[in-house]
Amino acid sequence: MAKLKLGVLISGRGSNLKALIDACKGDDFPAEIVLVIANLPGAGGLGYAEEAGIPVQVIHHRDFPDRERFEDELHQSLKRAGVELVCLAGFMRLLTENFVNRWWDRLINIHPSLLPAFRGLHTHERVLEYGARFTGCTVHFVRPAMDDGPIIAQAVVPVALDDDAESLAERVLREEHTIYALAVRMIAESRVRVVQDRVVAQGASAPRGALISPILHRHGPRGSRNPHDAKAR
Ligand code: GAR
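Because the structure is predicted, anything quoted here is derived from the model rather than measured.

Notes on the overall build of the protein
Thought 1: Of the regular secondary structure elements, the protein holds six helices and nine strands.
Thought 2: Relative to its 233 residues, the protein shows a buried fraction of 43%.
Thought 3: Restricting the contact set of the protein to residue pairs at least 6 apart, pairs at least 24 apart contribute 60%.
Thought 4: Across the protein, the mean location of the 29 positive side-chain charges is 8 Å away from that of the 29 negative side-chain charges.

Focus: the site of the ligand
Thought 1: Neighbouring the ligand are Arg13, Gly14, Ser15, Asn16, Gly90, Met92, Ile110, His111, Pro112, Asp147, Leu173 and Glu176.
Thought 2: Arg13 places a polar side-chain atom, nitrogen or oxygen, 2.6 Å from an oxygen atom of the ligand.
Thought 3: Between the ligand and Glu176, the relevant distance is 2.7 Å, taken from an oxygen atom to a side-chain nitrogen or oxygen of the residue.
Thought 4: In the complex, 88% of the free accessible area of the ligand, which totals 450 Å², lies under the protein chains.
Thought 5: Secondary structure elements with two or more residues in the shell around the ligand: helix H1 (15–25), strand E5 (107–111) and helix H6 (165–188).

Regarding the sheet that holds E5
In any sheet, the strands associate via hydrogen bonds between backbone groups, in a parallel or an antiparallel arrangement.
Thought 1: Strand order in the open sheet formed by seven strands is E3-E2-E1-E4-E5-E6-E7, with mixed pairing between adjacent strands. The open sheet terminates on both sides in strands that have one partner only, identified here as strand E3 (56–58) and strand E7 (151–158). Taken over all neighbouring pairs, the strand axes of this sheet differ in orientation by 20° on average, direction set aside.
Thought 2: Inspection of the sheet shows strand E1 (residues 4–10) paired to strand E2 (residues 31–38) by seven bridges, in the parallel sense. Of the residues in E2, the one forming a bridge with Leu4 is Ala31.
Thought 3: Sitting on the sheet, helix H3 (residues 67–80) touches E1, E2, E3 and strand E4 (85–88), and the angle it makes with E2 is about 150°.

Details of the environment of Val199
Thought 1: Note on placement: Val199 falls in strand E9 (residues 198–201).
Thought 2: Given a relative accessible area of 19%, Val199 falls into the buried group.
Thought 3: For the pair Val199 and Gly149, spaced 50 residues apart in the sequence, the C-alpha separation amounts to 9.5 Å.
Thought 4: Those residues in contact with Val199, other than ones at most four positions away along the chain, are Phe141, Pro150, Ile151, Ile152, Val192, Arg193 and Val194.

With respect to the packing of aromatic side chains
Thought 1: Under the defined criterion, the tally for this structure stands at two aromatic pairs.
Thought 2: Ring centres of Phe64 and Phe70 lie 6.0 Å apart, and the angle between their planes is 55°; this geometry places the pair in the tilted category.
Thought 3: Phe64 gets classed as partly exposed once you look at its relative accessible area, which sits at 22%.
Thought 4: Considering the side-chain rings of Phe118 and Tyr130, the 6.1 Å spacing of their centres and the 75° angle between planes classify their relative orientation as edge-to-face. Taken as a pair, Phe118 in the loop between E5 and helix H5 (123–130) and Tyr130 in helix H5 lie far apart in primary sequence, twelve residues in all.
Thought 5: For the cation-ring pair, Lys79 lies above Trp103, with the distance from its terminal atom to the ring centre recorded as 5.3 Å.
Thought 6: Sitting over the ring of Trp104, Arg143 keeps its end group 3.8 Å from the ring centre.

Conventions used here
Every chain is numbered independently, its residues counted from 1 as its sequence is written. Only residues with pLDDT of 70 or above have their local features reported here, since the model is predicted, and side-chain atom pairs are shown and tallied only from 80 upward, although totals for entire chains, interfaces and linings are computed over all residues. Values shown for side chains rest on all heavy atoms present in the structure; no hydrogens or waters enter the calculation. A run of DSSP states H or I qualifies as a helix once it reaches four residues; a run of E qualifies as a strand once it reaches two. Both are numbered from the N-terminal end. Any residue under 20% of the maximum accessible area for its type is buried, any over 50% is exposed, and the rest in between are partly exposed; the area is computed with a 1.4 Å probe on protein chains only. Residue contacts follow a heavy-atom distance rule, with two residues in contact if any of their heavy atoms lie within 4.5 Å. Note on charges: Lys and Arg go in the positive column, Asp and Glu in the negative column, and His and the chain ends are not counted at all. Throughout, a charge is located at the NZ atom of Lys, the CZ atom of Arg, the CG atom of Asp or the CD atom of Glu. Consider each residue's heavy atoms; a residue with any of them within 4 Å of a molecule or strand counts as near. Counting of polar contacts relies on pairs of N or O atoms within 3.5 Å, with two restrictions inside protein: one atom must be capable of donating a hydrogen and the other of accepting it, and residues adjacent in sequence are counted only when both atoms are side-chain atoms. Computed with the Shrake-Rupley method and a 1.4 Å probe, the accessible areas treat only the protein chains shown as cover for residues. One bridge is not enough; two strands pair if DSSP finds at least two bridges between them. Axis definition: a line fitted to C-alpha atoms, limited for helices to the stretch in contact. Angles are taken between N-to-C directions and run from 0 to 180 degrees. Under the pairing criterion, centres of Phe, Tyr and Trp rings, with the six-membered ring standing for Trp, must be within 6.5 Å; the plane angle then separates stacked pairs below 30 degrees from edge-to-face pairs above 60, leaving the rest tilted. Criterion for a charge above a ring: Lys NZ or Arg CZ within 6 Å of the ring centre, and within 35 degrees of the ring normal.

Any link to function would need more than the numbers given here.
Structure, rendered in structure tokens:
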């Protein structure tokens, strides 16, 4: 069967791009990357694409008088390459409604939080500042508002007491790499439908139950009586 043609848009390091490149190397993976575009000339991720022999293009937003002209260029390049699904992978430019409409339900993004919580920048710092016990990452279809749109896949990552933004980012990033490839696979296998602006996924199941933090220990601190502990009663 023909593979789904991906265009990946990056701005920097490109570790999610690398995860997609690696996934696409699998013979049974139903998608292939046909073009990588960076909006910044020095984007580190371009090296991963070049190494893998994938065509790359730099479309520097500063070379255009306005957003519309910049996005026109993006659009034309993606069309020329025959792209069917656009994957934003650390692409740090907001896209206008016009561009989003042109790629409606064919444009996905990864964000390092459990959306709709903690949209925007400095996610991990804000998670820690807020004292959230769980965070994670989300792959979603893009809608005109920032970090908004039907959710395709999420992974939950517990926040540890001694986490700083860096350690948390590292654990979340590991999960990003897994769920981005998973989401692309599901779309390429036509297992994802958007119904009333929500994703209905077929052939995907998640464990039922609950993740609880802090973990309820059998015995509370010394001398205290834990109401959850049958022996204490
Ligand atoms: C990733 O953590 C991605 O989720 C985030 O930027 C990082 C890019 O890393 N994207 C956003 O915050 C989008 N709102 P990468 O370049 O190594 O893939």
